Amino acid sequence: MKLSRLIPLMRKELIHMKRDPRSLVILFIMPIFMMFIFGYAINMDVKNIRIGVCDLSKSSASRDLISKIKASPYFRIVEFFDHPGRSEAFFLDRSVRAVVLIPREFARDFEFRRFSRIGIIADGCDANTATLVQNYLDGLLSGYTVFSSGKQTLSPFVYKPQVLYNPDMQSSHFVVPGLVVLILMMVGAMLTSVTIAREKETGTLEQILVSPIQAHEVVLGKIIPYFFLAMGIALSILLFGHLWFKVPFLGSWFWLMFFCGLYLFTALAIGLLISTVVSTQQVAMMLALIATMLPSVMLTGFIFPIASMPEILQVLTKFIPATYFLIIIRGIMLKGIALVELWPSVCAMSAIGLFFILIAVKKFSLKLK
Amino acid sequence: MDLIIEADQLCMAFGSTQALSSVSLQVEKGEMFGLIGPDGAGKTTLIRILTTLITPDSGEAKVLGYSVHKQSAYIRQRIGYMPQRFSLYPDLTVEENLRFFSDLFQVSREERESRTEELMAFSRLSPFMKRRADRLSGGMKQKLALCCALIHTPHLLILDEPTTGVDPVSRREFWEILQDLKGKGVTIFVSTPYMDEASRCNRIALIHQGTILAVQKLEAIKKLFQKTVYAVFSPDLTGLSNHFKKDLRPEFVQILGDKVKVILNKEDGPRMENLVASAADQGHTVHHVEQLNPELEDVFVTLMNERDSHER
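Report on the accompanying structure. It should be emphasised that the depicted structure is a prediction, and the values quoted were computed from it without experimental measurement.

This brings us to the overall build of chain A. Helix and strand counts for chain A come out as 14 helices and 4 strands. Taking 2.2 N^0.38 as the reference for a compact globule, 369 residues should give roughly 21 Å; the C-alpha atoms of chain A span a radius of gyration of 27 Å, well beyond that estimate. With the C-alpha coordinates aligned to their principal axes, the bounding extent of chain A is approximately 95 × 45 × 40 Å. In chain A, of all internal contacts separated by at least 6 residues, the share reaching a separation of at least 24 is 79%.

Time to look at the overall build of chain B. Per the secondary structure count, chain B includes 11 helices and 14 strands. Scored against the burial criterion, the 312 residues of chain B give a buried share of 41%. Pairs at least 24 apart in sequence give 70% of the contacts found in chain B among residues at least 6 apart.

Residue and element names in this part refer to chain B. The strand order β2-β1-β4-β5 describes an open sheet built from 4 strands, whose pairing is antiparallel. Two strands in the sheet have a free side with no partner beyond their single neighbour: β2 (17–28) and β5 (66–67). Bridge count between strand β1 (residues 3–14) and strand β4 (residues 58–63): 5 bridges; the pairing is antiparallel. Of the residues in β4, the one forming a bridge with I5 is V63. Contacting β1, β2 and β4, helix α1 (residues 43–50) crosses the sheet at an angle of about 120° to β1.

All names here are of chain B. The buried fraction of strand β8 (residues 187–192) is high, at 6 of 6 residues. A two-sided burial pattern is seen for β8, the buried positions comprising T187, F189 and S191 on one face and I188, V190 and T192 on the other. Summarising the sheet, strand β7 (residues 156–160) and β8 pair through 5 bridges and their orientation is parallel. Residue pairing in the sheet places D160 in a bridge with S191 of β8. Following the chain from β7 across helix α6 (residues 168–183) to the adjacent parallel β8, one finds a crossover that is right-handed.

The subject of this paragraph is the nonpolar core. Soluble globular proteins tend to pack their nonpolar side chains together in the buried interior. Residue and element names in this part refer to chain A. Of all hydrophobic cores here, the largest spans 144 residues; its most connected members are V181, L184 and F325. Here this core gets 18 residues from one element, more than from any other, and that element is helix α7 (residues 171–202). In terms of nonpolar packing, the next biggest core, distinct from the first, is built from 21 residues, V53, L65, V100 and L132 among them.

The next point concerns the interface of chain B and chain A. Between chain B and chain A, the residue contacts involve 24 residues of the former and 21 residues of the latter. The set of elements that each furnish at least two residues to the side of chain B that touches chain A consists of α2 (72–78), β6 (79–82) and α3 (94–104) of chain B. Tallying contributions element by element places α3(B) first for the side of chain B that touches chain A, with 4 residues. Here the side of chain B that touches chain A is composed, by residue class, of 13 nonpolar, 5 polar and 6 charged.

Our focus in this paragraph is unusual backbone geometry. Residues and elements named next belong to chain B. Of note, Q9 is a non-glycine position whose phi angle comes to about 55°, a positive value. We note that S22 has phi near 55°; this positive angle belongs to a residue other than glycine. Relative to the assigned elements, S22 resides in strand β2. On the neighbour-count criterion, S22 (14 C-beta atoms within 10 Å) is partly exposed.

Residue and element names in this part refer to chain A. The 4 strands lie next to each other as β2-β1-β3-β4, forming an open sheet whose pairing is mixed. Of all strands in the sheet, those with a lone pairing partner are β2 (75–81) and β4 (119–122), marking the two edges. Averaged over all pairs of adjacent strands, the angle between their axes in this sheet comes to 25°, without regard to strand direction. Taken together, the 5 bridges between strand β1 (residues 49–55) and strand β3 (residues 98–102) define a ladder with parallel strand orientation. Pairing of C54 across the sheet is with L101, part of β3.

Procedures and definitions
- Residues numbered from 1 in each chain as written.
- Chains lettered and ligands numbered in written order.
- Predicted model: local features only at pLDDT ≥ 70, side-chain atom pairs only at ≥ 80, totals over all residues.
- Helix = DSSP H or I, 4+ residues; strand = E, 2+ residues; numbered from the N terminus.
- Rg over C-alpha atoms; globule rule 2.2 N^0.38 Å.
- Contact = placed C-beta atoms within 7 Å.
- Buried ≥ 20, exposed ≤ 12 C-beta atoms within 10 Å, placed from the backbone.
- Pairing = 2+ DSSP bridges.
- Axes fitted to C-alpha atoms, helices over the stretch in contact; angles between N-to-C directions.
- Right-handed = clockwise from strand over helix to strand, strands pointing away.
- Core = buried A, V, L, I, M, F, W, Y, C linked by C-beta atoms within 7 Å.
- Nonpolar A, V, L, I, M, F, W, Y, C, P; charged D, E, K, R; others polar.

Any functional reading would require information beyond the geometric quantities listed.
The structure is reproduced here in structure tokens:
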């Protein structure tokens, strides 16, 4: 390898970037934009859920309960009604997502038996929301019995789950690191595959191949400049997540950026691998998106927990670099854990990255097809 | 006699299409060698094999004495190549492109500077040094590509249809530059679909459907041609040509402007006087008949048809 040839190759890439500032701006703006959109869209916190209340009890106890629900940020009571049969109509026109049914005996039972039933009807079409509504109401109501009666409850166990690292269960705290993982993989794979496909498309690759240039010089001449570009993008979206979505950052920036670099090398190598099989920029872009987005979203634990996947898919997740980087980034950002605990993930990620780089360099040929 | 290119029985197929079948040719030091043939004849395939961009299915070729199979790195370092399509970086300036290619070939700084000056002088691109390559005219682009291919002072220049899509004035200028280079001792291997350009080459190879029809000096190729070409002037070109086609193979009767071009065998077959007489009997007006010098195109058409009829 000759540095005197590698440097001109990299300088040429820099000129390409400089001459095309629009693409450069898009490269930086798009990830932030995606982060912004998805950061809000993949929101698993449920707030302001529209609910209806059917109060048959009409007692001070029931009014007390209703004011508790009203005070909660999770619910907005949009309908009060007296006949339980009307709830179906509300569900059908989607004006409410859940109905709280306070039975006639509510106050009496509460007074004499210190135990009363409340009906909760949730709209199961959106199973996620339904479960969340149930859980939130559950929490709200169990608190109600404990605090408002002032007496001992009859329940033999009182449990209060404690959530560590993300005590408010803010979904942005786990969505944002996941998005960083996803975006970097997509952008990294796209950068290399598209630029090499462009050289094929314009014929410049054919021209530069008839020279003493070597395969790894072409590869490194592409990867190194885009590596720094991708690191810049990584830093910008991490800062955006930290400052805009207020995702905590407990661990070390240095180590996160270091592992980010390892991860990006893998992404760039995957892009390189894609570029060896495509000949146009459009196909390269589509393939890079499909090959990276689907696995990184579905099979990494970003959205669906790995533990609840079928076993075959669980095995598959072990071969996806994003799986490990997700563990690393969540660990460093949210838990601030030390490297000691991360090394298995780091090793696995590096091994996969190395594997991709080796294959990509091997498959990258100095011949035309 | 030094052989710069030696191709021996090269074969190449893409899927079911035979792009080259058993192509052999030799190019001598210091000559300008033309590879002439229509689109799809296999010119680019042959050139890509010689530049080691693709590996032939069988056969061997030596370029500057190095094998295209085993010593491609040596070949790539020593030749200048200009692909058919403009293949420089469009967003780099003339200067940046030249700089990039000189770095690629590890040309030293002093050499680059003197070489650039020299190349800019003969290509007359100096006023455009700071212009982006995509803002050059077609002719200037080709000259820049040539300069980039020459920046490392190669011994052999391989050009794939360098003048396709270039205006006639620039074409002539480009060929004059090539002539100059040849004068300086550079061996040139150039492909072209234009017959008129072949006359500028020392020797030419006619290629058709992946087969070399002939490799000769231009005059020798014309001598190969055992036919005479006539131009028949008439007000009724269509009628006349249809009449001739009754006696002759349709490929040898061609309407060209205000005349019908007829190619006849020298030795046997119908004679021109008889044909004209019978045409007059049929009521076709014939003004006069002229004998033409055979063009390379005529030779090519004839050779192509002879080969095709052999196959049938």
